[in-house]
Amino acid sequence: MARSPGRAYALLLLLICFNVGSGLHLQVLSTRNENKLLPKHPHLVRQKRAWITAPVALREGEDLSKKNPIAKIHSDLAEERGLKITYKYTGKGITEPPFGIFVFNKDTGELNVTSILDREETPFFLLTGYALDARGNNVEKPLELRIKVLDINDNEPVFTQDVFVGSVEELSAAHTLVMKINATDADEPNTLNSKISYRIVSLEPAYPPVFYLNKDTGEIYTTSVTLDREVS
């Protein structure tokens, strides 16, 4: 039977999860079509106590309910032994503030996101998953799940001062530094979302221009026009 591309990708992720753990496994769920990543001959190699999990990435400012469940933990060891298991998650967003961001199904191990995320408030979440027996004892070693909140360009640059004051002597040479303006952006640092560019909105006298602005640094310099205090 032919598999749809979306189902093929979900199978790939499941195989990877089983490849890195012998007991408690993390499955990251997705509906993206990445059929080209599916290996022709996948191999399942169980390595005892090799707990490696890929982080989950969720975009801020969006309704993420359609992506649920975003992750799932499962104990094959408990299944092999016929044990009744209760799954549990702890960490920021569940048992630590901000509360109510995630909820989980104790019977299936599924993790759902219930709120719109804000990267500027919480850039990432670190959760711990547990597989517990009827007495509340760990059947498996607790498993860490890292959830990164992806940034969107939802913040405007803000000047660090209301007024910037500069001065320069008359008859100064061209390209003399007059002042530097500065602004900040709350979006993720070192990305295009937080990159700031400056420009002069108005200049008096407008012509000939006596100052120019470096759009990347915010530095303002004199032009080749001679500055004469008695004239302007």
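Residues numbered from 1 in each chain as written. Predicted model: local features only at pLDDT ≥ 70, side-chain atom pairs only at ≥ 80, totals over all residues. Heavy atoms only, no water.

Looking at an unreviewed UniProt entry, the chain carries the name Desmoglein 2, with the source organism given as Homo sapiens.

We now examine the overall build of the chain. Along the chain, the regular secondary structure elements total two helices and 13 strands. Buried residues in the chain amount to 32% of all 232 residues. In the chain, the proportion of contacts linking residues at least 24 apart, taken out of those at least 6 apart, comes to 63%. (Helix = DSSP H or I, 4+ residues; strand = E, 2+ residues; numbered from the N terminus. Buried < 20%, exposed > 50% of the residue type's maximum accessible area, 1.4 Å probe, protein only. Contact = heavy atoms within 4.5 Å.)

With that out of the way, let us pick up the layout of surface pockets. What the second largest pocket holds in volume is close to 280 Å³. Taken together, 13 residues form the lining of the second largest pocket, with M179, I200, S202, L203 and I220 sitting closest to its centre. Across the lining of the second largest pocket, the residue classes tally to nine nonpolar, three polar and one charged. (1 Å grid on protein atoms, 1.4 Å probe; cavity = no way out; pocket = protein on both sides within 12 Å on 5 of 7 lines; lining within 4 Å. Points joined across faces, edges and corners; volume = space filled by probe spheres on them. Nonpolar A, V, L, I, M, F, W, Y, C, P; charged D, E, K, R; others polar.)

The strands making up a sheet associate through hydrogen bonds between their backbones, and the pairing can be parallel or antiparallel. The four strands lie next to each other as β2-β8-β7-β4, forming an open sheet whose pairing is mixed. The open sheet has two free edges, formed respectively by β2 (56–59) and β4 (86–91), since each of these has just one partner strand. The mean angle between the axes of side-by-side strands here comes to 30°, regardless of whether they run parallel or antiparallel. (Pairing = 2+ DSSP bridges. Axes fitted to C-alpha atoms, helices over the stretch in contact; angles between N-to-C directions.)

Moving on, we get to the confidence of the model for the chain. Detailed reading of the predicted coordinates is not advisable wherever pLDDT falls low. Taken as a whole, the chain shows an average pLDDT of 78; of its residues, 74% reach a score of 70 or greater. Across the chain, element-level confidence peaks in strand β5 (residues 102–104) with a mean pLDDT of 97 and bottoms out in helix α1 (residues 5–19) with 34. Predicted confidence is poor over residues 1–25, with pLDDT under 50, and the contacts of this stretch with residues over four places away or in other chains come to 59 contacts. (pLDDT = per-residue confidence, 0-100.)

Of the two faces of strand β3 (residues 71–75), the one holding A71, I73 and S75 is buried and the one holding K72 and H74 is not buried anywhere. Here two bridges tie β3 to strand β6 (residues 110–113), and the two strands are oriented antiparallel to one another. Opposite K72, over in β6, you have E110 as the bridge partner.

In the structure shown here, the tally under the stated rule is six salt bridges. Between R119 and D151 there is a salt bridge, and its shortest N-O distance comes to 3.2 Å. Taken together, the residues span a long stretch of sequence, with R119 in the loop between β6 and β7 (124–132) and D151 in the loop between β8 (143–150) and β9 (158–159) at a distance of 32 residues. D151 matches R119 in its accessibility class, with the two residues each being buried. A network of salt bridges, in which partner residues are shared, links R119, E120 and D151. (Salt bridge = Lys/Arg side-chain N within 4 Å of Asp/Glu carboxyl O.)

A few words on the sheet that holds strand β10 (residues 177–180). Strand order in the open sheet formed by three strands is β10-β13-β12, with antiparallel pairing between adjacent strands. Both edges of this open sheet fall to β10 and β12 (211–213), since each of them pairs with a single strand only. Neighbour-to-neighbour, the strand axes of this sheet turn through a mean angle of 25°, independent of strand direction. Bridging between β12 and strand β13 (residues 219–222) involves three bridges; their strand directions are antiparallel. Looking across to β13, one finds that L213 is bridged to I220.

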